[in-house]
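A structural walkthrough
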Amino acid sequence: MVLEATMIILDNSEFMRNGDYLPSRFSAQLDSVDFIFHGKTNSNPENTVGLMSMGGDGPQVLTTLTADFGRILAGIHDTKISKGIHFSTGIQVALLALKHRQNKVHHQRIIVFVGSPIDEDEKELEKLAKRLKKNSVAIDLINFGEHEVNTSKLERFISIVNNHDNSHLVTIPQGPKLLYESIQYSPMFAEEGSSTGFATANGEDFDFGADPNVDPELALALRLSLEEERSRQARERERQETKSTLPKLDEGDGHGDGDGDSKMQNK
């Protein structure tokens with residue numbers, strides 16, 4: 001079993017509001033983070049996972065490396081959808097976070113969700129890829145949503161950073177499968193088995209990384225926590241949409257009504 005420290009980078013740009021991946025690009029990432037975290041920690045209990053975002057005004061570390069899924073959920077809760085992505089800067093911040101891992105024996109890995117157009121040119125990406133390879137950092141790129149414009153850049157990036165097939169580009173077009181299901185059977189987890197530590201001996205898979213027959217309370221808690229977070233995100237989107245569509249009141253009309261009411265009262 002590989003001993004590994006992994007930083008997951010979320011795409012939280014405005015493109016994540018799109019609903020072409022169910023239930024939305026952003027919520028699809030949340031399911032996938034749940035899957036990846038438990039896949040990594042189930043394959044080796046000493047593995048650690050951190051979480052950060054790369055949208056908004058700049059990259060933000062949401063959760064430092066941990067084996068506690070509760071801290072990952074707290075980081076997800078603090079994530080806000082905003083502006084575009086900072087692809088190169090986000091990876092550099094993740095590289096720094098991995099450098100400060102407590103156990104230096106851990107292999108270093110970065111997993112990046114890319115669902116927005118990448119602004120960096122190929123020269124800048126090539127320089128970053130060489131830096132990752134020099135520091136022995138593996139990287140997995142989950143290319144979805146805007147794959148038509150990003151694939152050529154990302155293929156070149158992976159070809160440079162790849163060292164004995166330790167890095168992968170997983171391109172996932174829209175389709176009937178959920179995002180995490182496509183990740184589950186991708187080359188990212190080929191070494192750990194197609195079910196990434198989620199299956200029992202009879203091949204039964206568990207979406208949330210816990211066998212309800214072994215630990216029903218944990219399985220239920222994980223499901224409820226993620227569903228609650230998805231509901232919160234949905235309410236936030238509805239609030240933003242309602243706010244943007246509400247008509248603005250004409251102050252002049254308001255004063256006019258007030259004068260009319262005064263006249264009625266005087267009569």
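Preceding this paragraph is the structure being described.
As a starting point, this report considers the structure included with it. Since this is a predicted model, take the numbers as computed values, not measurements. (Residues numbered from 1 in each chain as written. Predicted model: local features only at pLDDT ≥ 70, side-chain atom pairs only at ≥ 80, totals over all residues. Heavy atoms only, no water.)

Details of the overall build of the protein chain
Looking only at helices and strands, one finds eight helices and six strands in the protein chain. N-terminal to C-terminal, the α/β element order of the protein chain is β-α-β-β-α-α-β-α-β-α-β-α-α-α. The buried share of the protein chain, reckoned over its 267 residues, is 46%. Contacts spanning at least 24 positions in sequence make up 75% of the contacts within the protein chain whose residues lie at least 6 apart. Counting only carbon and sulfur atoms, one obtains 50% of the accessible surface of the protein chain, whose full area is about 14,100 Å². (Helix = DSSP H or I, 4+ residues; strand = E, 2+ residues; numbered from the N terminus. Buried < 20%, exposed > 50% of the residue type's maximum accessible area, 1.4 Å probe, protein only. Contact = heavy atoms within 4.5 Å. Areas by Shrake-Rupley, 256 points an atom, 1.4 Å probe, with all protein chains shown as cover.)

Re the sheet that holds strand β1 (residues 4-10)
Sheet architecture is open: six strands sit in the order β3-β2-β1-β4-β5-β6, paired in mixed fashion. Both edges of this open sheet fall to β3 (60-66) and β6 (168-172), since each of them pairs with a single strand only. Shown here is a sheet whose adjacent strand axes are inclined to one another by a mean of 15 degrees, direction ignored. With four bridges joining them, strand β2 (residues 48-53) and β3 adopt antiparallel strand pairing. Across the sheet, the residue bridging to M52 is V61, located in β3. (Pairing = 2+ DSSP bridges. Axes fitted to C-alpha atoms, helices over the stretch in contact; angles between N-to-C directions.)

Regarding the nonpolar core
Within the largest apolar cluster, 30 residues are counted, with the highest numbers of intra-cluster contacts made by F113 and I142. Mapped by element, the contributors of at least two residues to this core are β1, α1 (25-43), β2, α2 (69-77), β4 (107-114), β5 (137-144), β6 and α6 (179-184). Membership of the second largest hydrophobic core comes to 27 residues, among which are I9, A94, L95 and I158. (Core = buried A, V, L, I, M, F, W, Y, C linked by side-chain atoms within 4.5 Å.)

Here's the deal with the pairing of β6
Burial along β6 is one-sided: H168, V170 and I172 are buried, while L169 and T171, pointing the other way, are not. As defined by bridge partners, β5 adjoins β6 across five bridges and the pair is classed as parallel. Paired with D140 across the two strands is H168, which belongs to β6. Of the crossover connections in this fold, the one passing from β5 over helix α5 (residues 147-161) to the parallel β6 is right-handed. (Right-handed = clockwise from strand over helix to strand, strands pointing away.)

Some points on unusual backbone geometry
Residue P23 is reached from L22 by a cis peptide bond, and omega for that bond is -5 degrees. With respect to the helices and strands, P23 occurs in the loop between β1 and α1. For H164, which is not glycine, the phi torsion reads 60 degrees and is therefore positive. For H164, the position within the fold is in the loop between α5 and β6. H164 sits in the exposed class, given a relative accessible area of 75%. In this structure, D165 is a non-glycine residue whose phi angle is positive, near 60 degrees. Assignment of secondary structure puts D165 in the loop between α5 and β6.

Quick word on the environment of D68
Relative to the elements of secondary structure, D68 occurs in the loop between β3 and α2. Here the alpha-carbon distance between D68 and G50, two residues 18 residues apart in the chain, equals 9.8 Å. Of note is the side chain of D68, whose polar atom sits 2.9 Å from the backbone nitrogen of G70. (Polar contact = N/O pair within 3.5 Å; in protein donor to acceptor, adjacent residues only side chain to side chain.)

Focus on the side chain of H168
Counting through the fold element by element, H168 comes out in strand β6. From its side chain, H168 meets the backbone oxygen of D165 in a polar contact 3.4 Å long. Excluding its chain neighbours within four sequence positions, the residues that come into contact with H168 are R109, I139, D140, L141, I158, P187 and M188.

Overview of the pairing of β5
Regular strands have side chains that alternate between both faces of the sheet. With eight of eight residues buried, β5 lies mostly within the body of the structure. The pairing of β4 with β5 spans seven bridges and is classified as parallel. Bridging from a neighbouring strand, V112 pairs with L141 of β5. The β-α-β motif built from β4, the intervening helix α4 (residues 122-134) and the parallel element β5 has right-handed crossover chirality.

Re the pattern of salt bridges
Taken as a whole and assessed by the stated rule, the structure comprises nine salt bridges. Ionic pairing is found between R17 and E14, a salt bridge with its closest N-O pair at 2.7 Å. Across the salt bridge formed by E146 and R25, the nearest N and O atoms sit 3.0 Å from each other. Linking E146 in the loop between β5 and α5 with R25 in helix α1, this pair joins segments that are 121 residues apart in sequence. Each member of the pair E146 and R25 is classed as buried. A single network of salt bridges, built from pairs that share partners, joins E4, K40, R109 and D140. (Salt bridge = Lys/Arg side-chain N within 4 Å of Asp/Glu carboxyl O.)

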